[in-house]
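Per-entry structural report
Chain by chain, the residues run as shown.
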Amino acid sequence: MWGKDDGITGLARLQIRVMSHVLFVAEPIKVEMQLHISPSLRHVTVLPGKGVREFMKVKIGSRRLSYRMVLYSVLLAAFLLRFVFVLVAVDNIDGQTGCSTIGCLGKRLGPRILGRRVLESTVPEVIYQVLEEPVDQSEVQLGPEIPQTLEDFIAEMKDERPDAKTFAVKLKAMVKLLEQRTRTAKIQEYLYRHVASSSIPKQLHCLALKLANEHSINANARLQLPSAELVPALVDNSFFHFVLASDNILAASVVASSLVHNSLHPEKVVLHIITDRKTYYPMQAWFSLHSLTPAIIEVKALHHFDWFTKGKVPVLEAMEKDQKVRSQFRGGSSAIVANNTEKPYVIAAKLQALSPKYNSVMNHIRIHLPELFPSLNKVVFLDDDIVVQTDLSPLWDIDMNGKVNGAVETCRGEDKFVMSKRFKSYLNFSHPLIANSFDPNECAWAYGMNIFDLEAWRRTNISQTYHFWLEENLKSDLSLWQLGTLPPGLIAFHDHVHIINPFWHMLGLGYQDNTTIEDAESAGVIHFNGRAKPWLDIAFPQLRPLWTKCSCEDAKGDGKFDPESGLCQLLGQQLIFGLLIVE
């Protein structure tokens, strides 16, 4: 028995007086019961009527139904009644007014709960039929009759009030026309970027000429690098040896400057710079006039290496054949751009494959590091489009577990655009030779900042494998891959790669601008791989300062930031190149 002060509150307050342990009987009995519900639905009152006691005597088999269960059932029914009332009310209100937050919820849940059918799409079927029909190019070429903008299309539809089929035809024609124009604009952009990235800027060309002249008239520009007393350090494995292959003086100076200035032990840093014959004297003049003491800098041209001048060099032979095949098979950039069937990103990849960088000996030379440095056990190879932002000496403490190449993998990471590369991104798996040899979903890795264990390398056939696949690619008319030295590198170093922490190498700053300055500054090495090199006018403006700040240091050899240095003036104001030389 419950009284009115028993503490039952909330949705309803009930006063029920019944006899204890009354059983229900199976015979149907007429029951009168008073149920009072307040307008606010806050109170539900059940009052006994005539026959309530008989009602409580209904018997169901051998089970007993307690009064507490009856109370809970009434409370649940009262709650559900309120909820259904709210849904129905809001649903009716939304039919007159806009869809509120609660109303939208009622429209989504109400029909399902109440068993009502959700409205079907009212888009006429003829619109889908028109949009799915093949495109008639003759109709698309009628430019003046097709709306040129969305505003023109809306205005025309309002004026003519066409039927659904005419509406779909006009809409489809306008979209296809805009698609064609977008494709043409993208291809033109790729072509202009190809020309800009493949050409030598006038400033860099003049810099090389000025330095070559300085080498011939200035004794300080012809200093031996390194000095005689430091030569033994070139083969001393207790030093940290870095290798940089480049024919770009400006880029090499930034790599060297950032490497030395961020080193905790610059006196233990040895940087081996490899260049070609035409760039050797300007490169030597620059590093003679801009010392990075106490670091040790060596500048050598390829013809200074005994191994390179003896007999035939496989990579040079492959490069000569590759150039001939490309000139005949590709048809040049004009033929690539004229293709109307391939997608813009495919055309961009083919244009990039024509870049001189990808057929440069500086790009292939890393495969011969064991022969070029027979006395060294371990080196870190750096590309000339990177910037060092931290001390790299901990790289020598990484246990390579017998592997040859320490690299950052490029299939996992937050940036899905950059860090989504697998073997299928570089190799042509429609070719049976590739399909039968490799896994298309195997994770790729990156060149740019790599640790090479030369001792472990000499115990493998990596170099021979590299040259074998270069020959196979030439035999197949360059159908195994199209771009650069990374694809044959992925093959040659297969099962010889040790993955290192991505902190040591952040990629993609030369072909996308999604990377923030904060993220880039938190990386140990940033890599401007791609066409938008930081020394070109097509560089991304927001990322370029990460590179130019390094070129503004050490112009006077004191390791301090110098906003009036020649390089700063070259990059920021493009002044006369005579300012670059510090007498």
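Residues numbered from 1 in each chain as written. Predicted model: local features only at pLDDT ≥ 70, side-chain atom pairs only at ≥ 80, totals over all residues. Heavy atoms only, no water.

In the annotation of an unreviewed UniProt entry, the protein is listed under the name Hexosyltransferase and assigned to Sesamum angolense. Under the UniProt heading Sequence similarities (unreviewed entry), the entry covering the protein gives this text: "Belongs to the glycosyltransferase 8 family." The heading Subcellular location (unreviewed entry) in the UniProt record of the protein holds the text "Golgi apparatus membrane". (UniProt positions renumbered as here; feature names shortened; annotations may be inferred.)

Re the overall build of the protein
Counting its regular elements, the protein contains 23 helices and 11 strands. Expressed as a percentage of its 583 residues, the buried residues of the protein come to 45%. Sequence separation of at least 24 residues holds for 73% of the intrachain contacts in the protein that already meet a minimum separation of 6. (Helix = DSSP H or I, 4+ residues; strand = E, 2+ residues; numbered from the N terminus. Buried < 20%, exposed > 50% of the residue type's maximum accessible area, 1.4 Å probe, protein only. Contact = heavy atoms within 4.5 Å.)

Considerations on a nonpolar patch on the surface
Judged by side-chain polarity, Leu76, Phe79 and Leu80 come together as a nonpolar surface patch covering roughly 300 Å² of accessible area. Assignment of secondary structure puts Phe79 in helix α2 (residues 67-94). (Patch = residues over 30% accessible without salt bridge, like charges linked within 9 Å, V, L, I, M, F, W, Y side chains within 5 Å. Areas by Shrake-Rupley, 256 points an atom, 1.4 Å probe, with all protein chains shown as cover. Salt bridge = Lys/Arg side-chain N within 4 Å of Asp/Glu carboxyl O.)

A word on the pairing of strand β6 (residues 378-382)
The buried count for β6 comes to 5 of 5 residues, which makes it a mostly enclosed element. Side chains of β6 alternate between two faces, with Lys378, Val380 and Leu382 and Val379 and Phe381 buried alike. Judged from the 3 bridges that link them, strand β3 (residues 240-245) and β6 form a sheet pairing that is parallel. The residue of β6 that forms the bridge with Val243 is Phe381. Bridge analysis of β6 against strand β9 (residues 449-453) gives 5 bridges, and the strand direction is antiparallel. Following the sheet pairing, Val379 is matched in β9 by Phe452. (Pairing = 2+ DSSP bridges.)

Here's the deal with the state of the cysteines
In protein structure, a disulfide is the covalent linkage between the sulfur atoms of two cysteines. With the rule as written, the count across this model stands at 1 disulfide. Across the disulfide from Cys411 sits Cys443; the S-S distance is 2.0 Å. Its S-S torsion of approximately -110° makes the covalent link between Cys411 and Cys443 left-handed. Placement of the pair is Cys411 in the loop between β8 (405-407) and α17 (432-435) and Cys443 in the loop between α17 and β9, with a sequence separation of 32 residues. (Disulfide = S-S within 2.5 Å.)

Some words on the packing of helix α8 (residues 202-217) against helix α10 (residues 277-289)
For the pair α8 and α10, the least separation of the axes is 8 Å and the interaxial angle reads 75°. Regarding the angle of α8 to α10, the classification is roughly perpendicular. Where α8 abuts α10, its residues Ala208, Leu211, Ala212, Glu214 and His215 lie against Tyr281, Pro282, Gln284, Ala285, Trp286 and Leu289. Taken together, the residues of the contact of α8 with α10 sort by class into 8 nonpolar, 2 polar and 1 charged. (Axes fitted to C-alpha atoms, helices over the stretch in contact; angles between N-to-C directions. Parallel < 35°, antiparallel > 145°, perpendicular 65-115°, else oblique. Nonpolar A, V, L, I, M, F, W, Y, C, P; charged D, E, K, R; others polar.)

Quick notes on the pattern of salt bridges
Summed over all chains, the structure comprises 7 salt bridges. For Lys176, the salt bridge goes to Glu179, with nearest N and O atoms at 2.9 Å. Of the two residues, Lys176 and Glu179 both sit in helix α7 (residues 164-198), 3 residues apart, roughly one turn of that helix. Of the residues examined, Glu179 reaches a relative accessible area of 43% and is grouped as partly exposed. For Glu472, the salt bridge is made with Lys475, and the minimal N-O distance between the two is 3.7 Å. Pair noted here: Glu472 and Lys475 are both in helix α19 (residues 462-475), with a separation of 3 residues, about one helical turn. The exposure class assigned to Glu472 is buried, which follows from its relative accessible area of 18%.

With respect to α19
Along its 14 residues, α19 runs 20 Å from first to last C-alpha, staying within 8% of the 20 Å computed at 1.5 Å per residue. For α19, the set of buried residues is Ile462, Ser463, Tyr466, His467, Trp469, Leu470, Glu472, Asn473 and Leu474. Where α19 terminates, the next one or two residues include Asp477, which has phi positive at roughly 60°. (Expected span 1.5 Å × (residues − 1).)

Observations regarding the packing of aromatic side chains
Overall, the coordinates contain 15 aromatic pairs when judged by the stated rule. On the basis of an interplanar angle of 55° and a centroid distance of 6.2 Å, the ring pair of Phe423 and Phe438 is categorised as tilted. A residue pair is termed long-range when its members are at least 10 positions apart, and Phe423 in the loop between β8 and α17 and Phe438 in the loop between α17 and β9 qualify at 15 residues. The class for Phe423 is buried, based on a relative accessible area of 1%. Judged by relative accessible area, which is 12%, Phe438 ranks as buried. A network of ring pairs unites the aromatic residues Trp445, Tyr447, Phe452, Trp457 and Phe493 as a single cluster. A cation over an aromatic ring shows up here: Lys268 above the ring of Phe239, its NZ or CZ 4.4 Å from the ring centre. (Phe/Tyr/Trp six-rings, centres within 6.5 Å; stacked < 30°, edge-to-face > 60°. Lys NZ or Arg CZ within 6 Å of the ring centre and 35° of its normal.)

Some details on the pairing of β9
Counted residue by residue, β9 has 5 buried out of 5 residues, so it is predominantly covered. Neither face of β9 is exposed, since Met449, Ile451 and Asp453 on one face and Asn450 and Phe452 on the opposite face are all buried. Both β8 and β9 contribute to a ladder of 2 bridges, which runs antiparallel. For Gly406, the partnering residue across the bridge sits in β9 and is Ile451.

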